[in-house]
Amino acid sequence: MNEVLVVIVRSLIAFFTLLIFTRILGKQEVSQLTFFDYINGITIGSIAASLATNLNSRALTEWVGLGVWTGAVFALQVITVKSRYISKYINGEPIVVIMNGKIMEATMKKMRYQMSELLEQLREKSIFDISQVEFAVFEVNGKLSVLKKSSYQPVTPKNLNISTDYEGLSAELIYNGVVIEQNLNQVNLDRNWLEQQLRANGINDPSEVMLAQLNTQGELYIDKYRDYVANPADISERYNPKEGQ
Amino acid sequence: MNSEKAVAYLLPIAAIILFLVIMLSPSYFKGQDVHQEINRLTRDVAEENWDSATARLLLLDIEWQRVVNRIQFGAEREEINSLSRSLARLQGVINAEDKDSALAELAEVNYYWLAIGR
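Scoring rules and cut-offs
Residues numbered from 1 in each chain as written. Chains lettered and ligands numbered in written order. Predicted model: local features only at pLDDT ≥ 70, side-chain atom pairs only at ≥ 80, totals over all residues. Heavy atoms only, no water. Helix = DSSP H or I, 4+ residues; strand = E, 2+ residues; numbered from the N terminus. Rg over C-alpha atoms; globule rule 2.2 N^0.38 Å. Buried < 20%, exposed > 50% of the residue type's maximum accessible area, 1.4 Å probe, protein only. Contact = heavy atoms within 4.5 Å. Areas by Shrake-Rupley, 256 points an atom, 1.4 Å probe, with all protein chains shown as cover. Lys, Arg positive; Asp, Glu negative; His and termini not counted. Charge placed at Lys NZ, Arg CZ, Asp CG, Glu CD. Axes fitted to C-alpha atoms, helices over the stretch in contact; angles between N-to-C directions. Parallel < 35°, antiparallel > 145°, perpendicular 65-115°, else oblique. Nonpolar A, V, L, I, M, F, W, Y, C, P; charged D, E, K, R; others polar. Expected span 1.5 Å × (residues − 1). Arc of directions from axis to C-beta.

Caption draft 1: Representation of the overall build of chain A within the structure. Regarding its fold elements, chain A presents eight helices and eight strands. At 27 Å, chain A has a C-alpha radius of gyration far larger than the 18 Å of a compact globule built from 245 residues. Oriented by its inertia axes, the alpha-carbon framework of chain A measures out at about 70 × 60 × 60 Å. Split into buried and exposed, the 245 residues of chain A put 25% on the buried side. Considering only intrachain contacts with a sequence separation of at least 6, the fraction spanning at least 24 residues in chain A is 50%. Carbon and sulfur atoms form 55% of the exposed surface of chain A, whose accessible area is close to 17400 Å². The centroid of the 23 positive side-chain charges in chain A is displaced by 9 Å from the centroid of its 26 negative side-chain charges.

Caption draft 2: Up close: the packing of helix H3 (residues 59–82) of chain A against helix H4 (residues 84–91) of chain A. Residues and elements named next belong to chain A. For the pair H3 and H4, interaxial distance at closest approach is 5 Å and the crossing angle is 125°. Taken together, H3 and H4 sit at an angle that is classed as oblique. Residues Leu76, Ile79, Thr80 and Lys82 of H3 lie in contact with H4, whose contacting residues are Arg84, Ile86, Ser87, Ile90 and Asn91. Class assignment of the residues belonging to the contact of H3 with H4 gives a composition of four nonpolar, three polar and two charged.

Caption draft 3: Up close: helix H5 (residues 77–95) of chain B. Residues and elements named next belong to chain B. Along its 19 residues, H5 runs 27 Å from first to last C-alpha, staying within 8% of the 27 Å computed at 1.5 Å per residue. Along H5, the residues that are buried comprise Glu79, Ile80, Ser82, Leu83, Ser86, Leu87, Leu90, Val93 and Ile94. All buried residues of H5 project into a common sector of 160° when viewed along the axis, lining one side. Turned more than 90 degrees away from the buried face of H5, the exposed residues are Ala88 and Asn95. Looking at the buried positions of H5, the neighbouring elements they touch are helix H3 (33–46), helix H4 (50–71) and helix H6 (99–115). Positive backbone phi, at 55°, marks glutamate 97, one or two positions downstream of H5.

Right under this line is the structure:
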């Protein structure tokens, strides 16, 4: 038995199975995961690791475990989407911890949520004065959503009755030096127009461009592979000649 | 369904089928040759035909190594190692021409063989 070869094959099976299964489970940002989702993720990863390297168990049994766990998570996802009641039962509900500027101590105590944690999460949202807060909601993913009192909210163009231009999604016309013809057609432009714009910016070939984007105002943003920056900022801390002595 | 979408669906399905074939290899690819050699060897030992048993054990060992290459990706390491260890012990008792121990060892080899891929 060639153990190295077996580990290579089983690792490839585990890797691509995990890839397929996570695609089935869909997109969910890590920051949006509930505690239960997080534990599920760890368990699925742990089973996949065992499938790859634990040669004392049959590959199929580990794989079936992985499939059942993924299937259970998928089933819960479907059920929670269909039923709001079950969703609340499984994932919990957002809890209001500051209501009309008042801290809900009893609710916080019930949730074992400390005052220091509340203040920390407010600071993370650049709120250092709790009197600015009208409502704060502790979400099921552990994040805090804050609604400031209207007098502390930033002024918007609407407040000032200023008309604004429409702003939509920018179209990527060149990506990694390759012209994306489909996007060009969608904005009713052609390659000749693009080449003309590139020449106007001193670029002879699209392959010199890393990214070219057209915004809804018709402005073309071009970033070349070769960047000529007079004084590049260095934020590295590994070696600073001024502090090196 | 356009061809790009079809490939996007068919590729993971094909991959999963391939993975299942590899993982089920102990059940489908172990064959019957080893089992037949165990039965022939058991007959030789029962008749105390030691020269034939020695030659037969060599054949059994070669056949077993061939099967290991086919089933190693799906089988348990301990299943494979147990059978290999048992064959090594069998070599010793056949060399010693100890019929009782050889038959006991052959029964164990047969048990391990049947357990693979079950």
